2 protein chains.
Amino acid sequence: MKPPLRVGVAGLGTVGAGTLQLLERQADLLAARAGRRIVVTAVSARERRRDRGVDLSAVRWYEDAAALAADPEVDVVVELIGGADGIARAVVETALARNKHVVTANKALMARHGTGLARAAEAAGVTLAFEASVAGGIPVIKTLREGLAGNRLSRLYGILNGTSNYILTTMRDSGREFGEVLAEAQKLGYAEADPSFDIDGVDAAHKLAILASAAFGRPVDIDGVYTEGIRHVSRLDIVFADELGYRIKLLGIARLTEHGLEQRVHPCMVSKAAPIATVDGVFNAVVAEGDFVGQVVLQGRGAGAFPTASAVAADLVDIAAGRSVPPFGVPAAELQPLDGAPMDRHQGAYYIRLMVVDQPGVIADVSAALRDQQVSLESMIQRGRAPGEAVPVVLTTHATVEAAMQRALAAIGRLGTVLEPPRMIRIEDF
Amino acid sequence: MKPPLRVGVAGLGTVGAGTLQLLERQADLLAARAGRRIVVTAVSARERRRDRGVDLSAVRWYEDAAALAADPEVDVVVELIGGADGIARAVVETALARNKHVVTANKALMARHGTGLARAAEAAGVTLAFEASVAGGIPVIKTLREGLAGNRLSRLYGILNGTSNYILTTMRDSGREFGEVLAEAQKLGYAEADPSFDIDGVDAAHKLAILASAAFGRPVDIDGVYTEGIRHVSRLDIVFADELGYRIKLLGIARLTEHGLEQRVHPCMVSKAAPIATVDGVFNAVVAEGDFVGQVVLQGRGAGAFPTASAVAADLVDIAAGRSVPPFGVPAAELQPLDGAPMDRHQGAYYIRLMVVDQPGVIADVSAALRDQQVSLESMIQRGRAPGEAVPVVLTTHATVEAAMQRALAAIGRLGTVLEPPRMIRIEDF
């Protein structure tokens, strides 16, 4: 058997501890699969005494993670610190500069600096692996780069943030409002004290940018991702969605259009019959549409120490066995820059919810505002009557251009009988 | 760039033609991903003049597929002939003996002779790849061997036969009986003239045996697969399943038990809330349960020329790029033989449907037969009354041992008031 693969783990938070536990408990299994042992020889973390559930007495400790990345007795650096810049970036750049393989779970880093890091890894002749950065233990990067290598993808979409999906699922199941469910999720530890990263779509945008690169062979373009979160989704929207045959999901969607690569994260209405509509709670799912394979759906736990450790371990086994893939599927020099398709030119159907005064003529005014922008109505629901008071009205449109829709919404918002800013959710055709 | 990978394709039926089309249409994409071109240099087929949708004028033709396998100008032999023995087996054995890589879509061959062929490939230092043999274009073999390499799996199950799933889905949607739906499926080309291979579970058993090997690191044991098809599933069962909160699916299930490796293919009642319950029509799905990753679900088209060609292409890209994995995840010498768990000792809950004479005392007799075998009833449904005539009665049990259940069913079948052989469908707990 070949000599062991020597691993340095930078960052021993929950994912780091989970990874150490996996590497210890599955050591024989990993050795059988990789053809050599995978051994942790060095770690770095600020707090040395905390119990990580494994014996670290024989392992070299570093206060400074960048020093670990330079350790000549380390073949692979596993970066589990997080953050787009700062120490995490220094660790990865140091490791690559020393011709060491890198495995990272850091989606912010890959979304911001992925293309440059891929170039550095190629120049050094080492592997840069990041399966753990997207969708936890679901092997979605491997599937896009290898399993579907024979396909040109037309579209890729997914539920990429478990916290948002949990909140939307719980709102539907319990009939409660967003704020209440979020507060409960925070209490249960499913959402952070500062939940913005999850519920405003930032986390999903990072993951989408990485996936879009691997799927379409483009440089990572996080700034090209249109991003909208779930704060404005209300209980009422969920009820109306159900009535219209939809579920509301926060999706990341990437596709090639005549205007360039479209990348967007926002709440979507999806048909209850679509596979992704039934992915509930903290689960993630990714759907890839290829010209030969058709639709492939992958689903599983998108976060958590052990699922993430599972992805890190898979990357380590590939490295130990000598299997290497360019980070984004093709050599970095062959990644084709492509204009981002502006959101203005997005085409799709729309759901609009208005709070209006229940009086004659309101629907006529709203309809006229849509007509003025050539937006064609598909359906209208007004439940209940309360003359002179506020009632919700829901409209759905046929496919139209986003810019026209936005102009129509602005005009509708200016109507005296419309009491709140109109709410709009895009309807996706899966 | 490295010299091209020279491919010989044995068998030019629909999958063979689809593969040639993919390799031609995606040639540049594949070259970018593999780091070298993948070029078809030889083919074999009986009928030379048929149009395969690609220009084959510059390619060497063989009447004899085994001669193609021996062609020194071929680096990889793609076997798309089919069948566990005969010419397909000869082609694969010849290729391996000549130190050529093999890519095959042949599930019967891999299920019958997979372990031996894996040994031969290892001895020759070449790759034996068979992603296309299971679940069409869904990269399930890659996921089990590589993506989930850090996990011990506890259970693996899936919808592995699209024809059976289409028939069960259509029976549910249309309310029609098995025979009628089968006849229609045959007319539409979704089922073969001799449908036994699909509807009796043989095809699913082949695929399950292959998956179980890759998942659990055991020699392939097709004879250890308990196999039961869908011929006896009736419209009534589907109606009762719905009422009880279940869907009926033909599943292949493998799991490690205290009695050994359990491998079984049979109709199952699964909760409507389980991800696999919503996989309808010709789609396939595989669910793997790992100790670190939790549950991972893969879903997509399980058959067809293009999805299968997608899997063949992925294997070819791996070979062209120099990425190799032992056929069943670990070296053949390390595959651990394990007794098959006898079906008698299977434990689970059961659904039973009886046609009984509607008269007092029948349920008491049936209940007594179950009690005599220590089988505990969970629910009983008898809809409608027709004194003195035949009515269906449905029972569900708590978890019990298969042998006890079979004895109880035999006793129930002997009751004078029970008019047809009892129908039993196992309830799976997902």
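Residues numbered from 1 in each chain as written. Chains lettered and ligands numbered in written order. Predicted model: local features only at pLDDT ≥ 70, side-chain atom pairs only at ≥ 80, totals over all residues.

Caption draft 1: Quick peek at the overall build of chain A. Scanning chain A for helices and strands turns up 14 helices and 17 strands. In terms of overall dimensions, chain A is globule-like: its C-alpha atoms have a radius of gyration of 24 Å, near the 22 Å expected for 430 residues. Here the C-alpha coordinates of chain A stretch approximately 80 × 45 × 35 Å along the principal axes. Expressed as a percentage of the 430 residues in chain A, the buried residues total 54%. Contacts in chain A between residues far apart in sequence, at least 24 positions, make up 75% of those at least 6 positions apart. (Helix = DSSP H or I, 4+ residues; strand = E, 2+ residues; numbered from the N terminus. Rg over C-alpha atoms; globule rule 2.2 N^0.38 Å. Buried ≥ 20, exposed ≤ 12 C-beta atoms within 10 Å, placed from the backbone. Contact = placed C-beta atoms within 7 Å.)

Caption draft 2: How the structure looks around the pairing of strand β11 (residues 283-290) of chain A. Residue and element names in this part refer to chain A. Within β11, seven of the eight residues are buried, leaving the element largely enclosed by the surrounding structure. Across six bridges, strand β7 (residues 153-159) lies against β11 in antiparallel orientation. Paired with Arg155 across the bridge in β11 is Glu289. By the bridge criterion, eight bridges tie β11 to strand β12 (residues 294-301) in an arrangement that is antiparallel. Looking at β12, one finds that Ala285 is bridged to Gln299. Following β11, the chain reverses through three residues before pairing antiparallel with β12. (Pairing = 2+ DSSP bridges.)

Caption draft 3: The arrangement of the interface of chain A and chain B in detail. Of the residues lining the interface, 43 residues belong to chain A; the matching set on chain B comes to 43 residues. A per-class count over the side of chain A that touches chain B returns 21 nonpolar, 14 polar and eight charged. Here β12(A) pairs with strand β12 (residues 294-301) of chain B via three bridges, running antiparallel. Counterpart to Val297(A) in the pairing with β12(B) is Gln299(B). (Nonpolar A, V, L, I, M, F, W, Y, C, P; charged D, E, K, R; others polar.)

Caption draft 4: Focus on the relation of the copies chain A and chain B. Superposing chain A onto chain B takes a rotation of 180° combined with a translation of 0.0 Å along the rotation axis, leaving an RMSD of 0.0 Å. Accordingly, the operation relating the two chain copies is best matched by a two-fold axis. (Least-squares fit on C-alpha atoms with pLDDT ≥ 70 in both.)

Caption draft 5: Region of the structure containing the nonpolar core. Core analysis: the biggest nonpolar cluster contains 301 residues, and Leu211(A), Leu316(A), Leu211(B) and Leu316(B) have the highest contact counts within it. If sequence neighbours within four positions are ignored, Leu316(A) has contacts with Leu5(A), Val7(A), Ile38(A), Val76(A) and Val103(A). (Core = buried A, V, L, I, M, F, W, Y, C linked by C-beta atoms within 7 Å.)

Caption draft 6: Highlighting the domain arrangement of chain A. Residues and elements named next belong to chain A. What the domain assignment lists for chain A is domain 1 (5-133), domain 2 (140-301) and domain 3 (346-427). In this structure, domain 2 and domain 3 have C-alpha centres spaced 25 Å apart. For the side of domain 2 that touches domain 3, the secondary structure elements donating two or more residues are α11 (235-244) and β10 (260-271). Tallied by class, the residues present in the side of domain 2 that touches domain 3 amount to seven nonpolar, two polar and three charged. (Domains from an automatic or database assignment.)

Caption draft 7: Structural detail: the sheet that holds strand β4 (residues 76-79) of chain A. All names here are of chain A. Ordered by their spatial adjacency, six strands build an open sheet running β3-β2-β1-β4-β5-β6, and the pairing between neighbours is parallel. Unpaired on one side and paired on the other, β3 (60-62) and β6 (128-129) mark the two borders of the sheet. Of the pairings in the sheet, the one linking strand β5 (residues 101-104) to β6 comprises two bridges and is parallel in character. Across the sheet, residue Val102 finds its bridge partner in β6, namely Leu128.

Caption draft 8: How the structure looks around the environment of Asp280(A). Residue and element names in this part refer to chain A. With respect to the helices and strands, the residue Asp280 is situated in the loop between β10 and β11. A residue is classified by how many C-beta atoms lie within 10 Å of it, and Asp280, with 19 of them, is partly exposed. Residues Asp280 and Ala332, spaced 52 residues apart in sequence, show a C-alpha to C-alpha distance of 36 Å.

Caption draft 9: Up close: unusual backbone geometry. In this model, Gln374(A) sits at a positive phi of 60°, which is unusual for a non-glycine residue. By the element assignment, Gln374(A) lies in the loop between α13 (362-372) and β14 (377-382). We classify Gln374(A) as exposed; it has 10 C-beta atoms within 10 Å. The phi torsion at Asn99(B) lies on the positive side, around 60°, for a residue other than glycine. Examined against the element boundaries, Asn99(B) turns out to sit in the loop between α4 (86-97) and β5 (101-104).

Caption draft 10: Broad picture of the pairing of strand β17 (residues 423-427) of chain B. Residue and element names in this part refer to chain B. In this structure, strand β10 (residues 260-271) lies alongside β17, joined through two bridges in parallel fashion. Bridged to Met269 within β17 is Ile427. The pairing of strand β13 (residues 347-357) with β17 spans five bridges and is antiparallel. What sits directly across from Tyr350, in β17, is Arg426.

Caption draft 11: Region of the structure containing the environment of Met424(A). All names here are of chain A. Among the secondary structure elements, Met424 is positioned in strand β17 (residues 423-427). Here the alpha-carbon distance between Met424 and Val233, two residues 191 residues apart in the chain, equals 9.2 Å. Not counting chain neighbours up to four residues away, the residues in contact with Met424 comprise Tyr350, Tyr351, Ile352 and Leu409.

Caption draft 12: Local environment of the sheet that holds β5(B). Residues and elements named next belong to chain B. An order of β3-β2-β1-β4-β5-β6 is seen for the six strands of this open sheet, with the pairing classed as parallel. Pairing within the sheet leaves two strands with one partner each, and these edge strands are β3 (60-62) and β6 (128-129). Where strand β4 (residues 76-79) meets β5, four bridges bridge the pair, whose relative direction is parallel. Looking at the pairing, Val76 lines up with His101 of β5. Packed onto the sheet, α4 meets β1 (5-10), β4 and β5 and runs at close to 165° relative to β4. (Axes fitted to C-alpha atoms, helices over the stretch in contact; angles between N-to-C directions.)

Caption draft 13: Up close: the environment of Val401(A). Residue and element names in this part refer to chain A. Of note, Val401 is situated in strand β16 (residues 400-401). Note: C-alpha distance between Val401 and Ala204 (197 residues apart in sequence) is 24 Å. In this structure Val401 touches Arg345 and Gln347, once residues within four positions along its chain are discounted.

Caption draft 14: Spatial organisation of helix α2 (residues 27-34) of chain B. Taken together, the buried positions of α2(B) are occupied by Leu30(B), Ala31(B), Ala32(B), Arg33(B) and Ala34(B). Two residues or fewer past α2(B), Gly35(B) is found with a positive phi of approximately 80°.

Caption draft 15: A look at the confidence of the model for chain A. Model confidence for chain A is summarised by a mean pLDDT of 96, while 100% of its residues fall at 70 or above. This prediction of the complex comes with two scores: 0.97 for pTM and 0.96 for ipTM. (pLDDT = per-residue confidence, 0-100.)

Caption draft 16: How the structure looks around the packing of helix α6 (residues 140-147) of chain B against helix α10 (residues 202-216) of chain B. Residues and elements named next belong to chain B. Direction vectors running N to C along α6 and α10 enclose 15°, while the axes themselves pass 8 Å from each other. The orientation of α6 with respect to α10, classified from their angle, is roughly parallel. Between α6 and α10 lies a crossing whose hand is right-handed. Between α6, through Val140, Ile141, Leu144 and Arg145, and α10, the contact on the second element is made entirely by Leu211, Ala214 and Ala215. (Parallel < 35°, antiparallel > 145°, perpendicular 65-115°, else oblique. Left-handed = near helix turned anticlockwise from the far one by under 90°.)

Caption draft 17: Expanded view of the packing of α2(B) against helix α12 (residues 305-320) of chain B. Residue and element names in this part refer to chain B. Put simply, α2 and α12 touch, their axes get as near as 9 Å, and they point 40° apart. Judged by the inter-axis angle, α2 sits oblique to α12. Handedness of the crossing formed by α2 with α12: right-handed. Of the residues in α12, those in contact with Leu30, Arg33 and Ala34 of α2 are Ala313, Val317 and Ala320. Among the residues forming the contact of α2 with α12, the class breakdown is five nonpolar, no polar and one charged.

Caption draft 18: Broad picture of helix α7 (residues 162-174) of chain A. Residue and element names in this part refer to chain A. Across its 13 residues, α7 extends 18 Å between first and last C-alpha, which sits within 8% of the 18 Å expected from 1.5 Å per residue. Across the 13 residues that make up α7, a large majority, ten, are buried. The complete set of buried residues in α7 reads Gly162, Thr163, Ser164, Asn165, Tyr166, Ile167, Leu168, Thr169, Thr170 and Met171. Of the surrounding secondary structure, the elements contacted by the buried residues of α7 are β7, α8 (178-188), α9 (196-199), α11, β9 (246-257) and β11. Phi turns positive, to about 70°, at Gly175, one or two residues after α7. (Expected span 1.5 Å × (residues − 1).)

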